[in-house]
Amino acid sequence: MDLQRVTVLGAGSWGTTFAKVLGDAGRDVTIWARRPEVAAEIRDAGTNGAYLPGVALPSRITATADPAAALDGAEVVVLAVPSQSLRANLTAWRGLLPPEAILVSLAKGVELGTLKRMSEVITEIAGVPDGQVVVVSGPNLAKEIAQEQPSAAVVACADHERAVAVQRACFTGYFRPYTNTDVVGCELGGACKNVIALSCGMAAGLGFGTNTMATLITRGLAETARLGVKLGADPLTFAGLAGVGDLVATCSSPLSRNRTFGERLGRGESVAQAQESVGGQVAEGVKSCTSIRDLASGLGVDMPITDAMHRVCHEGGDPRRLGAELLGRDRKHEWS
Ligand SMILES: NC(=O)C1=CN([C@@H]2O[C@H](COP(=O)(O)OP(=O)(O)OC[C@H]3O[C@@H](n4cnc5c(N)ncnc54)[C@H](O)[C@@H]3O)[C@@H](O)[C@H]2O)C=CC1
Ligand SMILES: O=C(CO)COP(=O)(O)O
């Protein structure tokens, strides 16, 4: 399967960066941008200054604000909009999707209300089988990849052949994709790490150091894996790029919007003030802490860090009390 014509729906940080990866891998890429002026800038100047200042996009990339024109003839459709708007966006685009196109999800979140993973939303709305949906996840901070700093990712699909085809389509000298068939594990790793990154940012904002950070990362991975295994994920996925890899990158990097958001809360800012710090971009963990908490509680899975993030982001919880609350829970075995 040689995939040449790719459409990327969403011209934010990651959509634009992934389009660059695909272009550098020799694909013909059309980006759909919500705002016509963003599409015009990508098309005419080869830049997207609002999201990726100073980055020159490959000449194989074009852009439009017209979804019908963007989707015409696409063999691969990459969905690069925030998790909580994917359903509405995809519903609007449903009739325009080429029936055989592989649908690739870049979003890292769990839908509020339905508690569905993004691939589940896609199969439901687009009416395609599981094997036509591919998830790309991993330690992939957009700005670093746009600068062509080396990194790796996971391309997960129930249909191995399609995973291999997408892997080939986005394989460049600076971006190394691995295949996996564990879609559940890869998606949950990506969604949950955003919530754990909020907590690491919060700890940094409160002035805590490396031991606290390592504790949150490790126990965050433990609660993520508990949920994943309950939902049928392969535990090994959490030791891989879409698990610990993405978790460490996001929890450690000042480029992470989720970590930055948490740090502002830790310094005493309100949720509204913290939102300003990410400049209109999405910090998925702020909403996913609620959907993941609901998903876990429905399954009887204990996720204390996620629970605590929900309380701070949505119930007026005080970050300064979190340490005592989390450490003061009942004593237990590390793996129970
Ligand atoms: N930025 C990064 O480093 C990475 C992001 N991701 C994930 O990719 C997904 C997209 O993230 P980014 O491109 O970074 O987000 P962003 O906030 O930079 O851009 C979102 C894009 O979606 C568009 N959009 C369309 N409909 C929208 C709506 N109803 N509400 C808001 N925006 C709408 C926006 O105009 C914008 O072009 C998220 O789930 C994120 O977690 C995954 C890996 C890396
Ligand atoms: O998913 C990401 C890195 O893999 C990006 O993280 P943020 O959304 O927190 O910036």
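Just so it is clear, the model here is predicted, and its values are computed rather than measured.

## Structural notes on unusual backbone geometry
The phi angle of most residues is negative, glycine excepted, and most peptide bonds adopt the trans form. Despite not being glycine, L115 shows a phi value in the positive range, around 60°. Its place among the elements puts L115 in the loop between β5 (102-105) and α5 (118-126). A positive phi angle, near 65°, is found at E148, a position not held by glycine. Turning to its location among the elements, E148 is positioned in the loop between α6 (142-146) and β7 (151-156).

## Describing the UniProt feature "active site" (unreviewed entry) in the protein chain
Within the UniProt annotation, "active site" (unreviewed entry) is assigned to K193. Among the secondary structure elements, K193 is positioned in helix α8 (residues 183-205).

## Focus on the site of ligand 2
Surveying the vicinity of ligand 2 reveals the residues K108, G138, P139, N140, L141, K193, D246, T250, L255, S256, R257 and N258. Between an oxygen atom of ligand 2 and a side-chain N or O atom of K193, the distance comes to 2.6 Å. About the coverage of ligand 2: the protein hides 91% of its 310 Å² of free accessible area. Looking at the shell around ligand 2, the elements with two or more residues in it are α10 (241-252) and α11 (257-266). A per-class count over the shell around ligand 2 returns three nonpolar, five polar and four charged.

## What to know about helix α14 (residues 304-314)
A turn of α-helix holds 3.6 residues, and therefore any two residues three or four places apart point the same way. Summarising burial for α14: eight of the eleven residues are buried, a large majority. Of the residues making up α14, those classed as buried are P304, I305, T306, A308, M309, H310, V312 and C313. Against α8, α9 (210-230), α11, α12 (271-277), α13 (285-299) and α15 (319-327) lie the buried residues of α14. At the C-terminal side of α14, G316 shows a positive phi close to 70°.

## Remarks on the site of ligand 1
If you check the shell around ligand 1, you find 22 residues, and the closest are S13, K108, A142, R257 and E284. Contact between ligand 1 and A11: an oxygen atom at 3.3 Å from a main-chain N or O atom of the residue. R34 is positioned with one of its side-chain polar atoms (N or O) 3.0 Å from an oxygen atom of ligand 1. Across the complex, the protein chains shield 86% of the 830 Å² of accessible surface that ligand 1 would expose by itself.

## Examining the state of the cysteines
Within the structure shown, the criterion is met by zero disulfides. No disulfide involves C200; its sulfur sits 3.7 Å from the nearest other cysteine sulfur, which is in C251. On the accessibility criterion, C200 (0% relative accessible area) is buried. Its sulfur unpaired, C289 is 4.5 Å from the next cysteine sulfur, which belongs to C313.

## Topic: the pairing of strand β8 (residues 175-180)
Here six bridges tie β7 to β8, and the two strands are oriented parallel to one another. Within the sheet, the bridge partner assigned to A152 lies in β8 and is R176. You can see the chain leave β7, run along helix α7 (residues 160-169) and come back into β8, and the turn it takes is right-handed.

## With respect to the pattern of salt bridges
Under the defined criterion, the tally for this structure stands at 21 salt bridges. Here D159 and R162 are joined by a salt bridge, their closest N and O atoms 3.0 Å apart. With relative accessibility at 22%, the residue D159 sits in the partly exposed group. A salt bridge links R311 to E325; the shortest N-O distance between them is 2.7 Å. Pair noted here: R311 is in helix α14 and E325 is in helix α15, with a separation of 14 residues, a long-range link.

## Thoughts on the UniProt feature "domain: Glycerol-3-phosphate dehydrogenase NAD-dependent C-terminal" (unreviewed entry) in the protein chain
Residues annotated in UniProt with the feature "domain: Glycerol-3-phosphate dehydrogenase NAD-dependent C-terminal" (unreviewed entry) correspond here to residues 182-321. Annotation note: span residues 182-321, helix share 73%, strand share 0%, distance between end C-alpha atoms 37 Å.

## Some words on the packing of aromatic side chains
In total, this model carries four aromatic pairs according to the counting rule given. Between F18 and F175, the aromatic rings sit 6.2 Å apart at their centres with planes inclined by 75°, giving edge-to-face as the arrangement. Here F18 is found in helix α1 (residues 13-24), whereas its partner F175 is found in strand β8, with 157 residues between them in sequence. The same class applies to F18 as to F175, namely buried. An aromatic cluster is present here, built from W14, F18 and F175 joined pairwise through their rings.

## Some remarks on the domain arrangement of the protein chain
The assigned domain composition of the protein chain is domain 1 (5-181) and domain 2 (184-327). Measuring from the centre of the C-alpha atoms in domain 1 to the corresponding centre in domain 2 gives 24 Å. Contacts between the two partners involve 28 residues from domain 1, matched on the other side by 28 residues from domain 2. In total, about 2,200 Å² of surface goes out of reach between domain 1 and domain 2, with carbon and sulfur atoms giving 68% of it. Three residues stand out in domain 1 for area buried against domain 2, namely K108, R117 and L141, and they jointly supply 26% of the buried area on that side. Summed over the shared surface of domain 1 and domain 2, the number is two salt bridges. A salt bridge links E187 to R117, with the shortest nitrogen-to-oxygen separation between them at 2.6 Å. Secondary-structure elements contributing two or more residues to the side of domain 1 that touches domain 2 are α4 (83-93), α5, β6 (133-137), α6, β7 and β8. By residue number, the principal contributor to the side of domain 1 that touches domain 2 is β7, which donates four residues.

Conventions adopted
- Residues numbered from 1 in each chain as written.
- Chains lettered and ligands numbered in written order.
- Predicted model: local features only at pLDDT ≥ 70, side-chain atom pairs only at ≥ 80, totals over all residues.
- Heavy atoms only, no water.
- Helix = DSSP H or I, 4+ residues; strand = E, 2+ residues; numbered from the N terminus.
- UniProt positions renumbered as here; feature names shortened; annotations may be inferred.
- Near = heavy atom within 4 Å.
- Polar contact = N/O pair within 3.5 Å; in protein donor to acceptor, adjacent residues only side chain to side chain.
- Areas by Shrake-Rupley, 256 points an atom, 1.4 Å probe, with all protein chains shown as cover.
- Nonpolar A, V, L, I, M, F, W, Y, C, P; charged D, E, K, R; others polar.
- Buried < 20%, exposed > 50% of the residue type's maximum accessible area, 1.4 Å probe, protein only.
- Contact = heavy atoms within 4.5 Å.
- Disulfide = S-S within 2.5 Å.
- Pairing = 2+ DSSP bridges.
- Right-handed = clockwise from strand over helix to strand, strands pointing away.
- Salt bridge = Lys/Arg side-chain N within 4 Å of Asp/Glu carboxyl O.
- Phe/Tyr/Trp six-rings, centres within 6.5 Å; stacked < 30°, edge-to-face > 60°.
- Domains from an automatic or database assignment.
- Buried area = accessible area lost by both parts, 1.4 Å probe.

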